[in-house]
Structures are given as C-alpha cells and as structure tokens.
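Observations on the three-dimensional arrangement
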Amino acid sequence: MERRRFGKTDMNVSVLGFGGSEIGYEGASLSTVSKLLNEALDAGLNVIDTAECYVASEELIGAAIGKRRNDYYLFTKVGHERGSNPDWRPESLLRSLERSLKRLKTGYVDLVQLHSCSETELRKGHVIDALRRARERGYTRYIGYSGDSKAAMYAVQSGAFDTLQTSVNIADQEALELYLPLAQQRDMGVI
C-alpha cells in the first residue's frame, strides 16, 4: 500500500486509513471488527482514526488490535464525550483523552484532534493549551484540528496544530481554496 509523509510529523502513513465511526454507530461485533482491522493491517493500512463520541469504537479498536499497537498510527478526537454536547473545558478534554487511552489499550495516541471546535473557542486559546499539556504529559505525540470552514481556517492560520482533518466532497469544496493551500504551505498533515 502506498505511504506518504504526514506533513511535518515523523509518520509515514498509508494513503488509506480506517475511520472508526461506523463500527461504533452501527454496533459492530468484536469478532467483525477484529477480522476487519487485522486484515486491514495485514494488507498494509497503518492509520486508525476514532473518537470518544463514536459510541463503542474505541473499546472495539482496543480489544481487536491493542496488542498490535506497533503496527499502526492511532488518532482520536476530543471535545464531544459520548456524542453529548461539546465540552471545551481543558480538564474535560484531558479527562476525555485519558479515558480514550484506557479504552484503546495504549499509553499514548499518535495524534489527538479537537473535534469540530468553533472558531470562538479556538481563539480563546484554552483548548489549544489543553492539547499542548496532553502532549507534554506523553498522552499524544502530535495535536490536530478536525473541522471545517472558518474554524479550520483559524486553526491553520494559528500555527498551533500539526495536522488538519477536513471535509471535501463534490458539493462542498470550500477547503480547496480557503485553507488547504495554506495548510500545505505550512507542511501540515492533512486528512
């Protein structure tokens, strides 16, 4: 499987990754997730992306491939505990990540991302400071932003993030002109 350097990080990631939302939302069984993820890793995929709010996704990933932790890069997101309303308090973000580490059966994630945090919250700075503290504590190697539009533009412009996860599709291509060129210029990893 083709791999690429992920921005300025030291990760050499597969061009295809596994997004963990559906296994949580659809109530996939552990045996199905185990078969799916182990076969994906065996085929060369090395990126697993999830979030606490994806119902049981983190637990399933941890149980299915936690013992293969050296075979993949693990990304998660914070800000929406179990699908509830957003909670951007720094202590909540750090607790969320600590819970994620337990569920994922790992001591760290390669990337933690703010999950659709508003531009208003980003500008206050406390959410960025919380992710920096998580990195200092060894919970994550890199920090990123996951979202769209003006908030994504601010995240890129801030210079605080290593990566950006954003939406591009046939009906919404705002990112292609608004902030992806700047993200590329700043050597951010882009999902």
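Everything here concerns the structure above.
Residues numbered from 1 in each chain as written. Predicted model: local features only at pLDDT ≥ 70, side-chain atom pairs only at ≥ 80, totals over all residues. Heavy atoms only, no water.

**With respect to the overall build of the protein chain**
Formally: Strands are runs of DSSP state E lasting at least two residues, helices are runs of H or I lasting at least four, and both sets are numbered from the N terminus onward. For this measure, only C-alpha atoms enter the radius of gyration; the expected value for a globule follows 2.2 Å times N^0.38, where N is the number of residues. Exposed residues in this analysis have more than 50% of their type's maximum accessible area, buried residues have under 20%, and partly exposed residues fall in between, with area computed by a 1.4 Å probe over protein chains only. Per-residue accessibility takes into account occlusion by the displayed protein chains alone, with areas from the Shrake-Rupley method and a 1.4 Å probe. In this charge count, Lys and Arg are treated as positive and Asp and Glu as negative; neither His nor the chain ends contribute. Charged groups are reduced to one reference atom each: NZ for lysine, CZ for arginine, CG for aspartic acid, CD for glutamic acid.
Counting secondary structure elements, the protein chain contains 9 helices and 9 strands. Relative to the 2.2 N^0.38 estimate, which gives 16 Å for 191 residues, the radius of gyration of the protein chain is 16 Å and therefore close to what a compact globule would have. Across its three principal axes, the protein chain shows a C-alpha extent of roughly 40 × 35 × 35 Å. Here the protein chain holds 191 residues, and the buried ones make up 53% of them. Summing over all exposed atoms, the protein chain offers an accessible surface of approximately 9,100 Å²; the carbon and sulfur share of this is 48%. Here the protein chain contributes 25 positively and 26 negatively charged side chains, and the mean placements of these two sets differ by 5 Å.

**Notes on the sheet that holds strand E7 (residues 140–146)**
What counts here: In this description, strands pair whenever DSSP reports at least two bridges between them. In what follows, residue pairs with any heavy atoms lying within 4.5 Å of each other are defined as contacts. Every angle, taken between N-to-C directions, lies between 0 and 180 degrees, and every axis is a line fitted to C-alpha atoms, over only the stretch in contact when it is a helix.
Pairing within the open sheet is parallel, and its 7 strands lie in the order E3-E4-E5-E6-E7-E8-E9. Two strands lie at the open edges of the sheet, namely strand E3 (18–19) and strand E9 (189–190), each paired on one side alone. In the sheet, strand E6 (residues 109–115) pairs with E7 via 6 bridges, with the strands oriented parallel. Bridging across to E7, Leu111 finds its partner in Tyr142. Each of strand E5 (73–78), E6 and E7 touches helix H6 (residues 126–136); the most contacted strand, E7, lies at about 155° to it.

**A few points about the nonpolar core**
Here is the rule we go by: Note on terminology: a nonpolar core comprises buried Ala, Val, Leu, Ile, Met, Phe, Trp, Tyr and Cys residues joined through side-chain atoms within 4.5 Å.
Grouped together as the largest cluster of nonpolar side chains are 49 residues, with contacts concentrated most on Ile48, Leu114, Leu122, Tyr145, Phe161 and Leu164. Residue contributions to this core peak at 6 residues, all from helix H7 (residues 149–158). Residue contacts for Leu114: discarding those within four places in its chain leaves Val78, Trp88, Leu93, Leu122, Val127, Leu131, Gly144, Tyr145, Ser146 and Phe161. Core analysis: the next-biggest nonpolar cluster, separate from the first, contains 8 residues, Met11, Val47, Tyr73 and Leu111 among them.

**Side note on H7**
Every buried residue belonging to H7 is among Ala151, Ala152, Met153, Tyr154, Ala155 and Val156, and all of these are buried. Elements in contact with the buried residues of H7: helix H5 (119–124), E7, strand E8 (163–165), helix H8 (174–178) and helix H9 (180–185). Two residues or fewer after H7 comes Gly159, characterised by a positive phi angle close to 75°.

**Some details on the packing of aromatic side chains**
The condition that has to hold: For this analysis, a ring pair means two rings from Phe, Tyr or Trp (six-membered ring only for Trp) whose centres lie within 6.5 Å, classed as stacked if their planes differ by under 30 degrees, edge-to-face if by over 60, and tilted for the remaining angles. Charge-over-ring placement is defined geometrically: NZ (Lys) or CZ (Arg) within 6 Å of the ring centre, and within 35 degrees of the ring normal.
Inspection of every chain in the model, using the stated rule, returns 3 aromatic pairs. In this structure, Arg69 is placed above the aromatic ring of Tyr108, and the distance from its NZ or CZ to the ring centre is 4.5 Å.

**Here we look at the side chain of Arg69**
Mapped onto the fold, Arg69 is located in the loop between helix H3 (57–65) and E5. A relative accessible area of 9% places Arg69 in the buried class. What Arg69 contacts, discounting residues up to four positions off in sequence, is Leu74, Thr106, Tyr108, Val109 and Asp110.

**Here's the deal with the pairing of E6**
Burial analysis of E6 places 7 of its 7 residues in the buried class, the great majority of the element. Where E5 lies against E6, 4 bridges are found, and the strand directions are parallel. Bridge pairing links Val78 to Leu114 in E6.

**Observations concerning the packing of H3 against helix H4 (residues 90–104)**
Keep this limit in mind: An angle below 35 degrees is read as roughly parallel, one above 145 as roughly antiparallel, one from 65 to 115 as roughly perpendicular, and any other as oblique. Under the convention adopted here, Pro, Cys and the residues Ala, Val, Leu, Ile, Met, Phe, Trp and Tyr are nonpolar, Asp, Glu, Lys and Arg are charged, and Gly plus all remaining residues are polar.
Contact geometry for H3 and H4: axes closest at 7 Å, N-to-C directions at 40°. Viewed along their axes, H3 and H4 adopt a mutual orientation that is oblique. Together, Glu58, Glu59, Ile61 and Gly62 of H3 and Ser100, Arg103 and Leu104 of H4 make up the contact between the two elements. Here the contact of H3 with H4 is composed, by residue class, of 2 nonpolar, 2 polar and 3 charged.

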